[in-house]
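# Residue-level structural notes
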Amino acid sequence: MESVKFKSRNICMDRFAEKLAEYLFTNSDEMKPSTGNLINMLDMLDIGLFFLNPNGIVLEEPSTCFQNFFKENIIHDISFLELLNGRVPEKTIHDTSEYLNLMFDDEHDEKTLNELNPLKEVEVYSKNDHGLWSDPRHLSFTFKRFKNSHGEQSLIGLVRDGSSVVELLKKLEDVEKKNHRQIQWLISLLHIDLPLLNEFVSVIEYELARIDLIIKSTQTGTEFSTIIPKLVRSIYHINSSAVIMNLDFFTKESFRFKDEIEAIKNKPDVNGHDFVPIVMGLGNMHRMLSEIKELMKHIKGLDNSLRTTRRFDGGLIIRLVENLINHLTELSGKKIILKYHNFDYMGIPFKYRQIIKEFIIALTRFVIEFGIESADKRKSLNVNPAATIEIASELNKNVFTLHFRHDGNLIQIERILQQSLDEHQKALYDNNKIENCMHPGSEVMRLFLNPDISMLDNKGTSEGKQIMNDFELVKKKLKMHGGRIKVVFTSESFCEYTVTIPFPAKTKNTISHS
Amino acid sequence: MRESDLHFFIDSTLNYFEEVTREKAQTGIPYLKSVDPVVLDYTGIIGISGKRKGSIYITASHKMLEYLAQIILKQSYVSNTDIKDLIGEIANTISGNVRQAYGSDFMISVPVVVEGHAKDITMPDDFQAFVIPITWKSYQSFLVVCLE
């Protein structure tokens, strides 16, 4: 809207200059004595004036304003095209040459030719003392025919500097585009709680900085393929963070980045060229992140005035898990129902909220990847095609307990368990082999917590490895908090992961009076 | 800037080394230019304008340019002027290729040579600048590209 206003203001100025020029052109003969005054007047209006002979030579001394536009003391008898050389693109010079030739030819209609004027709006550069271009000007040239005293066809040229308007228009256009994009992004960001958004930004910032460092510190001549796994790991974190935040615009970019890395991974001989799309994607993500940070400043103000309820805060973790389930099931063709009636996020002691959140997310991803079969497979096994994940929490005196239950792969687990027990029984009868036989309990635990020994169809994929690595990492973190994981498998019913974290009871301050 | 632009600038630079010295240069992994300066002993800068704007510069060490000049001029002693001419020449060759590829809608400036370690070469703020490390005979140089 604003740009339209500026455009119409620009048009008004153009019309005024044209009117003045027309007055000068049409009255050029009788106005001769007062031409000097008119030039001064045009100079005051920042409109330059010059005359061209049929050879395209600038006649007499052009106006001061014209000379200022070219940042040169132009004396007469200089070719106009020569003047443009090095200041405008070659194509423009070529087109101008053709246009001026036609203008000098009476046979062509002047008004029609003016439509073809290549200098109607042109960016003109000047060089500074170091030979570098400086201060480009957006000049607008208009030409009008007139006969000189010898009856030769000549041209009067008028030039106006529209730089401020053009620059302002460009700025407005950029701002309009940016505002439009930011409004779209803001809508996506508004549903995310500010602390979660802060956490997202710091994760992305950390991972992007890590990628930058990896790329920068890789010397030419080293085996480039060796850094791919490191990049995969970082982009996996970026991607999964964007997915659980349900930030479409960021997710798309991170997926594109991920695909580019995957493409390099499969190349036999990796060179610097192959990293071009990656570094371009990295640039895009950096730009997006800085815009998100800019938007967050605005959200902070909103967040203070629209303080959320405790229930809403507690619902955020559930929303993250729902987003994650939606995304993963869409990719894998699985169906999952999430139940969380007995889960109370606000009941989790504050210092354990982060680790519990990380654990739930890592376990959800782990279970969907390795623990739940596709809807088709479940149908063929004669069980409900939609699997169930149930999250519940309990807070006792000094222990927080999280229950994570799912009903995936039950038949397969049952079979593996049975097989394991049978093998153990068989080993018990054969005393020679008992030492080599693993205790069934440990094997079953590995089945639930580190399933690379058993039922993985996709154990070779990098995604699968990343999920396992993440799960391992979060298990270690949990252990550091004194947490324990117990897995209970109830035949034909469910498989339940129970996490318990003890926390010290609040000690009352006692004051003893002696 | 498009991916193809960056590929083009890398190829132009690599071709220069191969054509002049008959020995291939190696490209490192391109990275985003941060606030850290990327400036070696001599720098040749070209400005691009017209349909799209931006600038490119190549920066190299004295040792590398000296060795390169010795090969080109086929003499063991090369002056400082020869070295400055050489970095200008490299930038000019890249600029010539750019002119050929991008057509007459673009304006390519004559190269400007900077001698000595400048604090940094400022690139247009509005666009992302990319740094491409180039290694020739164990000497490192950098091509920095910033285009709309």
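You'll find the structure just up there.
Remember, it's a predicted structure, so these values are computed and weren't measured experimentally.

Reading guide: rules and limits
- Residue numbers here run from 1 along each chain, matching the order of that chain's written sequence.
- Chains and ligands are labelled by the order in which they are written, letters from A for the one and numbers from 1 for the other.
- Only residues with pLDDT of at least 70 are given local features in this predicted model, and only at 80 or more are side-chain atom pairs given and counted; all residues enter the totals for whole chains, interfaces and linings.
- The basis for every side-chain value is the complete set of non-hydrogen atoms in the structure, without hydrogens or water.
- In this description a helix means any DSSP run of H or I spanning at least four residues, a strand means any run of E spanning at least two, and both kinds are numbered starting from the N terminus.
- Under the scheme applied here, a residue whose accessible area is under 20% of the maximum for its type counts as buried, over 50% as exposed, and between as partly exposed, the area being computed with a 1.4 Å probe on protein chains only.
- Patch members must show over 30% relative accessible area and no salt bridge, and they are joined within 9 Å when carrying like charges or within 5 Å when they are nonpolar side chains of Val, Leu, Ile, Met, Phe, Trp or Tyr.
- Note on areas: these come from Shrake-Rupley sampling with a 1.4 Å probe, and a residue is covered only by the protein chains present in the view.
- What counts as a salt bridge is simple: a side-chain nitrogen of Lys or Arg found within 4 Å of a carboxyl oxygen of Asp or Glu.
- In this description, contact between two residues means that some pair of their heavy atoms is separated by no more than 4.5 Å.
- The term buried area means the drop in 1.4 Å probe accessible area that two parts suffer when joined, counted for both and summed.
- Polar contacts, as used here, are pairs of N or O atoms within 3.5 Å; protein pairs need one atom able to donate a hydrogen and one able to accept it. Residues neighboring in sequence count only if both atoms are side-chain atoms.
- Residues were grouped as follows: Ala, Val, Leu, Ile, Met, Phe, Trp, Tyr, Cys and Pro as nonpolar; Asp, Glu, Lys and Arg as charged; and all remaining residues, including Gly, as polar.
- Two strands are counted as paired when DSSP detects at least two bridges linking them.
- Axes, fitted as lines to C-alpha atoms, cover a helix only where it is in contact. Angles between the N-to-C directions of the axes lie from 0 to 180 degrees.
- Here a cavity denotes grid points, spaced 1 Å and computed from the protein atoms alone, that fit a 1.4 Å probe unable to get out, and a pocket denotes an open set having protein on both sides within 12 Å along at least 5 of 7 lines; residues with an atom within 4 Å of a point are the lining.
- Grid points are joined across faces, edges and corners, and a volume is the space filled by probe spheres set on the points.
- For classification, angles of less than 35 degrees are called roughly parallel, those exceeding 145 degrees roughly antiparallel, those between 65 and 115 degrees roughly perpendicular, and all remaining angles oblique.
- Here the aromatic set is Phe, Tyr and Trp, taking the six-membered ring for Trp, and pairing holds for ring centres within 6.5 Å; pairs whose planes are under 30 degrees apart are stacked, those over 60 apart are edge-to-face, and all others are tilted.
- The rule is short: NZ of Lys or CZ of Arg within 6 Å of the ring centre and within 35 degrees of the ring normal puts a charge over the ring.

### Regarding the environment of Asn114(A)
Tracing the sequence through the fold places Asn114(A) in helix α6 (residues 110-115). For Asn114(A), a relative accessible area of 24% puts it in the partly exposed group.

### A look at a nonpolar patch on the surface
All names here are of chain B. Together, Val20, Ile72 and Leu73 make up an exposed nonpolar region whose accessible area comes to about 200 Å². Assignment of secondary structure puts Val20 in helix α1 (residues 3-21). With a relative accessible area of 30%, Val20 lands in the partly exposed category.

### As for the interface of chain A and chain B
Counting residues at the interface gives 33 residues for chain A, matched by 34 residues for chain B. At the boundary of chain A with chain B, total buried surface from both sides reaches about 2,700 Å², with 68% on carbon and sulfur atoms. Across the pair Lys53(B) and Glu123(A) runs a salt bridge whose closest N-O atoms are separated by 2.8 Å. Across the chain A-chain B interface, the total number found is six residue pairs in polar contact (both at pLDDT 80 or more). Secondary-structure elements contributing two or more residues to the side of chain A that touches chain B are α5 (90-103), β4 (122-127), α8 (194-216), α10 (248-265) and α11 (276-305) of chain A. Tallying contributions element by element places α11(A) first for the side of chain A that touches chain B, with eight residues. A breakdown of the residues in the side of chain A that touches chain B according to their chemical character gives 14 nonpolar, 10 polar and nine charged.

### A word on the sheet that holds strand β9 (residues 399-406) of chain A
The strands that make up a sheet are held in pairs by hydrogen bonds between backbone atoms, and each pair lies either parallel or antiparallel. Residues and elements named next belong to chain A. Taken in spatial order, the five strands line up as β7-β8-β9-β11-β10 in an open sheet, and their pairing is mixed. Each end of this open sheet is capped by a strand with a single partner; those strands are β7 (335-339) and β10 (484-490). Neighbour to neighbour, the strand axes of the sheet diverge by 15° on average, direction disregarded. Pairing of β10 with strand β11 (residues 494-502), which is carried by seven bridges, proceeds in the antiparallel orientation. Residue pairing in the sheet places Ile485 in a bridge with Val499 of β11. With respect to the sheet, helix α13 (residues 350-371) is in contact with β7, β8 (386-395), β9, β10 and β11, its orientation differing from that of β9 by roughly 15°.

### Looking at empty space enclosed by the protein
Residue and element names in this part refer to chain A. For the coordinates displayed, the defined rule picks out two cavities of 30 Å³ or more. Put simply, the second largest cavity is a space of about 50 Å³. Contributing to the lining of the second largest cavity are His191, Ile192, Asp193, Leu196, Ile244, Met245, Leu316, Arg319, Leu320 and Asn323. For the lining of the second largest cavity, the secondary structure elements donating two or more residues are α9 (228-245) and α12 (310-332). Examining the composition of the lining of the second largest cavity, we find that four residues originate from one element, α12, more than from any other. Partitioning the lining of the second largest cavity into residue classes produces six nonpolar, two polar and two charged.

### A closer look at the packing of α1(B) against helix α2 (residues 62-73) of chain B
Residue and element names in this part refer to chain B. Contact geometry of α1 with α2 gives a least axis separation of 10 Å together with a crossing angle of 45°. Judged by the inter-axis angle, α1 sits oblique to α2. The segment α1 lies against α2, with Tyr16, Phe17, Val20 and Thr21 engaging Met64, Leu68 and Ile72.

### A word on the pattern of salt bridges
In this structure the tally under the stated criterion is 19 salt bridges over all chains. Here Asp95(A) and Lys91(A) are joined by a salt bridge, their closest N and O atoms 3.3 Å apart. Within this pair, Asp95(A) and its partner Lys91(A) are both found in helix α5, separated by four residues, close to a single helical turn. For Asp5(B), the salt bridge identified is with Arg52(B), shortest N-O distance 2.4 Å. Separated by 47 residues along the polypeptide, Asp5(B) in helix α1 and Arg52(B) in the loop between β3 (42-50) and β4 (54-60) bring together distant segments of the chain. The two residues Asp5(B) and Arg52(B) agree in class, both being buried. Residues joined in a network through salt bridges with shared partners are Glu253(A), Arg256(A) and Glu260(A).

### Structural notes on the packing of aromatic side chains
Using the criterion set out here, one finds 15 aromatic pairs over all chains in the structure. Summarising the aromatic geometry, the rings of Phe80(A) and Phe141(A) are spaced 5.7 Å apart at their centres and angled 70° between planes, so their arrangement reads as edge-to-face. Here Phe80(A) is found in helix α4 (residues 80-84), whereas its partner Phe141(A) is found in strand β5 (residues 133-147), with 61 residues between them in sequence. Across this residue pair, the class does not change: Phe80(A) and Phe141(A) are buried. Seen in terms of ring centroids, Phe80(A) and Phe143(A) are 6.0 Å apart; in terms of plane orientation they differ by 75°. Their pairing is edge-to-face. Taken together, the residues Phe80(A) in helix α4 and Phe143(A) in strand β5 connect sequence positions 63 residues apart. Classification of Phe143(A) by relative accessible area gives buried; the value is 2%. Lying across the ring of Trp185(A), Arg181(A) places its NZ or CZ 5.8 Å from the centre. Between Lys137(B) and the ring centre of Trp136(B), over which it is positioned, the NZ or CZ distance is 5.9 Å.

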